[in-house]
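Coordinates in review
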Amino acid sequence: MKMERNCIVASFLLVSMVTRVATDYDCICNYAVESRVYQSPDKTSQAVGYLYEFDCKPEIGESVGFYIIASEHEKRYIAKSDQIQQQTCPGSPPDADLLPTTSAEATSTSASTTITRPIITSATHTNMSVLTPLTTSVMPNTTTPTGIASTTTSPTTSSPATTTTTMISTTTTTAPTSTTTSTTTTTTTTPTTTTTTAKPTTTKPAPITWPIGTYGLMQTSRGCPGGGTYWLKGWRKQDTEDSSPSNRYSANINHYLKGAFDKNVVTEFCIKDAWSSSKYDRHWPKGTYCILKHKSCPAGFSSGFIYWDDEDHNNENSHGGTLPDGEFGRNTKIYYCCRSDAHTNTQIVLPTAVPFVLLRFGHACQSVHGMSAHEVYVRWDDEDSGNESGSGGAHPYDDGSSGNHALHFCYYQSSGGPSLIG
């Protein structure tokens, strides 16, 4: 008798694949000490948290007077101000800030196997033996001689010999019986929910770069400001009045401005000739200040000039390198870009890693986030005879006496906080 064993195996496999592509994203960055985050676009509504200095959150959109941000899986609002900046943050938005989306419940399914195995029982007249499930033994009915005995009697007399043979036979009969046992396993699928706790994340703010446009800055004693921007350098020597010259300067002027300040004046420039240096560049922020004009004024600025009537006798004016817009012959004319669309106390955000100079437009230096300002001045003694010095349009604050010019320069250096590097 031949027995077969059947096995049925069922299994289930769930494969999930998620692909992420890292890219930059629009974000809102805070440069104030702290700024309130609201539940609705209303400053009288409940404040649900704060953005601290240099914190950034993904930008969703704008509302009247507010930016809409994603924070801790919720839509939140932060009031617009000059210290709240729209930026481009590197990488992907943090998972901890993403707004929730529809997700499927995770379940776990266990598969079971039902196996029916025959159990073979073999019985004899005198005992019962159970065979293992993996071995089937069938014994046919057999008759087996188990032994033969022979007796021989030797004569002691002359009588004829007699031989007796005895045959002993034992017969064993095996009757096979078959018993089948069926085992059933019940499979239960139980839904399971996996809870993931997001770890706190810190969003790296977008780099602060020098703003969009072509323009120039006065060169400091430490050189050009860097900030991820390539600066061209130039210089201008002005031969001022030779007769009883009265040029004047702030004490230790060479600690702040690069150049030569004596009976003649040499000033040096840093010129940004490329419109944009990186994808993180933004427009110049609102404020009250001036920069040097090169090609055209950036958005938000107005153009103007100052004209120096330099020494007429044996004029030694000279120049070199890349210069701001103007005229650089026997006399000097330099064009500027100036703006006055926010109070000087309103901090603007610019790169802070290296000192730089802005020209004063109002009666005080413009406040710059993370920087302390030191004001210095230079007074040029222009030609005394037939003086034609003048100015026009939007130009830096000038309080020189009649026929002369005196400009004020705001030297900025880090106030000791983290550097904003472009």
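The coordinates are above.
Residues numbered from 1 in each chain as written. Predicted model: local features only at pLDDT ≥ 70, side-chain atom pairs only at ≥ 80, totals over all residues. Heavy atoms only, no water.

A word on the overall build of the chain
When helices and strands are counted, the chain shows zero helices and 28 strands. Expressed as a percentage of its 422 residues, the buried residues of the chain come to 38%. Considering only contacts within the chain whose residues lie at least 6 apart along the sequence, 74% involve residues at least 24 apart. Accessible surface, the chain as shown: approximately 24,000 Å² in total, 51% of it carbon and sulfur. (Helix = DSSP H or I, 4+ residues; strand = E, 2+ residues; numbered from the N terminus. Buried < 20%, exposed > 50% of the residue type's maximum accessible area, 1.4 Å probe, protein only. Contact = heavy atoms within 4.5 Å. Areas by Shrake-Rupley, 256 points an atom, 1.4 Å probe, with all protein chains shown as cover.)

Quick look at the pattern of salt bridges
Considering all chains together, one arrives at eight salt bridges under this definition. Two residues, Asp 24 and Lys 279, come together in a salt bridge whose shortest N-O distance is 2.2 Å. Residue Asp 24 is located in the segment before strand E1 (25–30), and its partner Lys 279 is located in the loop between strand E19 (265–272) and strand E20 (288–293); the two are separated by 255 residues in the primary sequence. With a closest N to O distance of 3.6 Å, Glu 316 and Lys 237 form a salt bridge. You can see Glu 316 sitting in the loop between strand E21 (302–308) and strand E22 (318–321) and its partner Lys 237 sitting in strand E16 (residues 232–238), a full 79 residues away along the chain. (Salt bridge = Lys/Arg side-chain N within 4 Å of Asp/Glu carboxyl O.)

Quick word on empty space enclosed by the protein
Applying the stated criterion to the full structure yields one cavity of 30 Å³ or more. Lining the largest cavity are Met 218, Gln 238, Thr 267, Phe 269, Trp 308, Ile 334, Tyr 336, Trp 380, Leu 407 and Phe 409. Sorting the residues of the lining of the largest cavity by element identifies E19, strand E24 (332–340) and strand E28 (405–414) as the ones contributing at least two each. (1 Å grid on protein atoms, 1.4 Å probe; cavity = no way out; pocket = protein on both sides within 12 Å on 5 of 7 lines; lining within 4 Å. Points joined across faces, edges and corners; volume = space filled by probe spheres on them.)

Considering the state of the cysteines
Scanning the model with the defined rule gives six disulfides in all. Residue Cys 27 pairs covalently with Cys 89 via a disulfide, S to S 2.0 Å. One quick way to see it: the torsion about the S-S bond of Cys 27 and Cys 89 is about 85°, and its sign makes the bridge right-handed. A residue pair is termed long-range when its members are at least 10 positions apart, and Cys 27 in strand E1 and Cys 89 in strand E7 (residues 84–89) qualify at 62 residues. (Disulfide = S-S within 2.5 Å.)

Re unusual backbone geometry
Phi angles above zero are rare outside glycine, and Glu 72 is one such case at about 55°. Judged by relative accessible area, which is 60%, Glu 72 ranks as exposed. Non-glycine residue Ser 244 carries a positive phi angle of around 50°.

Concerning the packing of aromatic side chains
If you walk through the whole model with that rule in mind, you get 15 aromatic pairs. Considering the side-chain rings of Tyr 215 and Trp 284, the 5.1 Å spacing of their centres and the 75° angle between planes classify their relative orientation as edge-to-face. Here Tyr 215 is found in strand E15 (residues 215–218), whereas its partner Trp 284 is found in the loop between E19 and E20, with 69 residues between them in sequence. Per residue, the accessibility class of Tyr 215 equals that of Trp 284, and both read buried. The lysine or arginine in question, Lys 80, covers the ring of Tyr 67, its NZ or CZ lying 5.1 Å from the ring centre. Above the plane of the ring of Phe 305 lies Lys 333, whose end atom (NZ or CZ) is 4.3 Å from the centre. (Phe/Tyr/Trp six-rings, centres within 6.5 Å; stacked < 30°, edge-to-face > 60°. Lys NZ or Arg CZ within 6 Å of the ring centre and 35° of its normal.)

A few points about the nonpolar core
In this structure, Met 218, Leu 257, Tyr 336, Val 378, Leu 407 and Phe 409 are the most contacted members of the largest nonpolar core, which totals 27 residues. Listing elements by their share of this core, those giving two or more residues are E19, E20, E21, E24, strand E25 (356–359), strand E26 (371–380) and E28. For Val 378, the contacting residues outside a window of four places in its chain are Arg 248, Tyr 249, Ile 253, Leu 257, Phe 261, Val 265, His 405, Ala 406, Leu 407 and Phe 409. Counting 20 residues, the second largest nonpolar core, distinct from the first, contains Leu 217, Phe 301, Leu 350 and Val 368. (Core = buried A, V, L, I, M, F, W, Y, C linked by side-chain atoms within 4.5 Å.)

Overview of the environment of Pro 93
Mapped onto the elements, Pro 93 comes out in the loop between E7 and strand E8 (107–108). Here Pro 93 falls in the partly exposed class, since its relative accessible area comes to 27%. For the pair Pro 93 and Ala 70, spaced 23 residues apart in sequence, the C-alpha to C-alpha distance is 9.3 Å.

A closer look at the environment of Asp 239
Within the element layout of this structure, Asp 239 appears in the loop between E16 and strand E17 (248–249). Judged by its relative accessible area of 2%, Asp 239 is buried. Sequence spacing of Asp 239 and Glu 311 is 72 residues, and the spatial spacing of their C-alpha atoms is 5.6 Å.

Quick notes on the layout of surface pockets
By volume, the largest pocket is sized at about 420 Å³. Around the largest pocket, the lining comprises 20 residues; the ones closest to its centre are Gln 85, Arg 282, His 283, Trp 284 and Pro 285. The element contributing the most residues to the lining of the largest pocket is E7, with four residues. Taken together, the residues of the lining of the largest pocket sort by class into nine nonpolar, six polar and five charged. (Nonpolar A, V, L, I, M, F, W, Y, C, P; charged D, E, K, R; others polar.)

Side note on the pairing of E24
In terms of burial, E24 is a largely internal element, seven of the nine residues being buried. Bridge count between E20 and E24: five bridges; the pairing is antiparallel. Of the residues in E24, the one forming a bridge with Cys 290 is Cys 338. One ladder, built from three bridges, connects strand E23 (residues 326–328) with E24; its direction is antiparallel. The residue bridging Glu 327 from the neighbouring strand is Lys 333, located in E24. (Pairing = 2+ DSSP bridges.)

Such coordinate-based values are descriptive only and should not be taken to indicate function.
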